[in-house]
Amino acid sequence: MTTPIPVPADRPVRLLIVDDDPLVRAGLALMLGGADDIDIVGEGADGSEAPGLVERLRPDVVLMDIRMPVMDGLTATETLRGRPDAPEVIVLTTFHADEQVLRAIRAGAAGFVLKDTPPGQIVDSVRRVAAGDPVLSPAVTRQLMARAASPGGEEKADRAQGARRRLASLAEREREVAIAVGHGRSNAEIAAALYLSVATVKTQVSRILAKFDFNNRVQIALLVHDAGLLDDGDGPGLS
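What comes next is a walk through the structure. (Residues numbered from 1 in each chain as written. Predicted model: local features only at pLDDT ≥ 70, side-chain atom pairs only at ≥ 80, totals over all residues. Heavy atoms only, no water.)

In terms of nonpolar packing, the biggest core is built from 23 residues, with L167, I220 and V224 touching the most fellow members. Elements supplying a minimum of two residues to this core: α7 (153–168), α8 (172–182), α9 (187–194), α10 (198–212) and α11 (217–226). Not counting residues within four places of it along the chain, the set of residues in contact with L167 comprises R175, A178, F212, L223, V224, A227 and L229. Counting 21 residues, the second-largest nonpolar core is a separate cluster that includes L32, I90, A130 and V135. (Core = buried A, V, L, I, M, F, W, Y, C linked by side-chain atoms within 4.5 Å. Buried < 20%, exposed > 50% of the residue type's maximum accessible area, 1.4 Å probe, protein only. Helix = DSSP H or I, 4+ residues; strand = E, 2+ residues; numbered from the N terminus. Contact = heavy atoms within 4.5 Å.)

Turning our attention to the side chain of S186. One can find S186 in the loop between α8 and α9. In contact with S186, other than residues within four places in its own chain, are R128, D133 and R217.

This brings us to the side chain of D46. Residue position: D46 is located in the loop between β2 (38–44) and α2 (50–57). The side chain of D46 sits in the buried core without any salt bridge; R25 is the nearest counter-charge, 9.1 Å away. Within polar-contact distance, the side chain of D46 engages the backbone nitrogen of V70 at 2.9 Å. (Lys, Arg positive; Asp, Glu negative; His and termini not counted. Salt bridge = Lys/Arg side-chain N within 4 Å of Asp/Glu carboxyl O. Polar contact = N/O pair within 3.5 Å; in protein donor to acceptor, adjacent residues only side chain to side chain.)

Shown next as C-alpha cells:
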C-alpha cells in the first residue's frame, strides 16, 4: 500500500493528463491550466505512455482516462500504483458505476471524476487528491457499493458477519471514522462531525487502511456497507 504524501502548500500541484481524445486533453488543459496552484507538466495520448511520462516528469497527480486503445487506464493505473514513488491517480470516465471503476479504485486510484463534471469541481478534485484527501462523492460511493454487492442472501449474510468482525477489531474512534468514510464524507466533514482536527482524521484513516491492508477509502466504504452500517445512523453526528 502506498500512503498518500500531500503536496507541499508552497508549490503548484504537478499534473499529468492522459486521454486518447485530443479535444478532451485540450479542454482539460485549458480548464486546469487556469488555476494558479496547478501546473500541467505533460499530456499523454494512451495509457502505455503514462509510465515513461511519470518517470520523466514526476507528476503529483495523474488524471487518467479509462478507455484508451493500446493500454487502458486501468492497466496503466495498476502499473503506476505499483511504483514506490507512485503519483496519485484520478480516473476520468463517462459512466457513473462499473466493474472497471471498482477495479481502478482497488488498484489504488484516489477517486474518479465524470467527464461532464463542472470544471470547478474537477479543479477542486485535483487539489483535494494532491492534499491527500481522495475524492469519491456520496452518490458515486453508493453506486459502486450497489454494484459490488451480491444479491445472494446467504452470501450477503456471511459477508456482513465477516465485515462486522473486521470492524470490531478497530478502536472506537477508528470505527466511527470508518462509518463516516462509508457515508462518503470528506476529512473536513468527518472532523466537524466528530469534533476532531483534520490531521487527526487523516491519521485515523491511515491507521484503518494499514490495519486492513487497504489502498483507498472506497474499500473502507465497501466494508462498512457489507456490515450493514450505513443506514442505522451509527456514530455521533452521522445519522
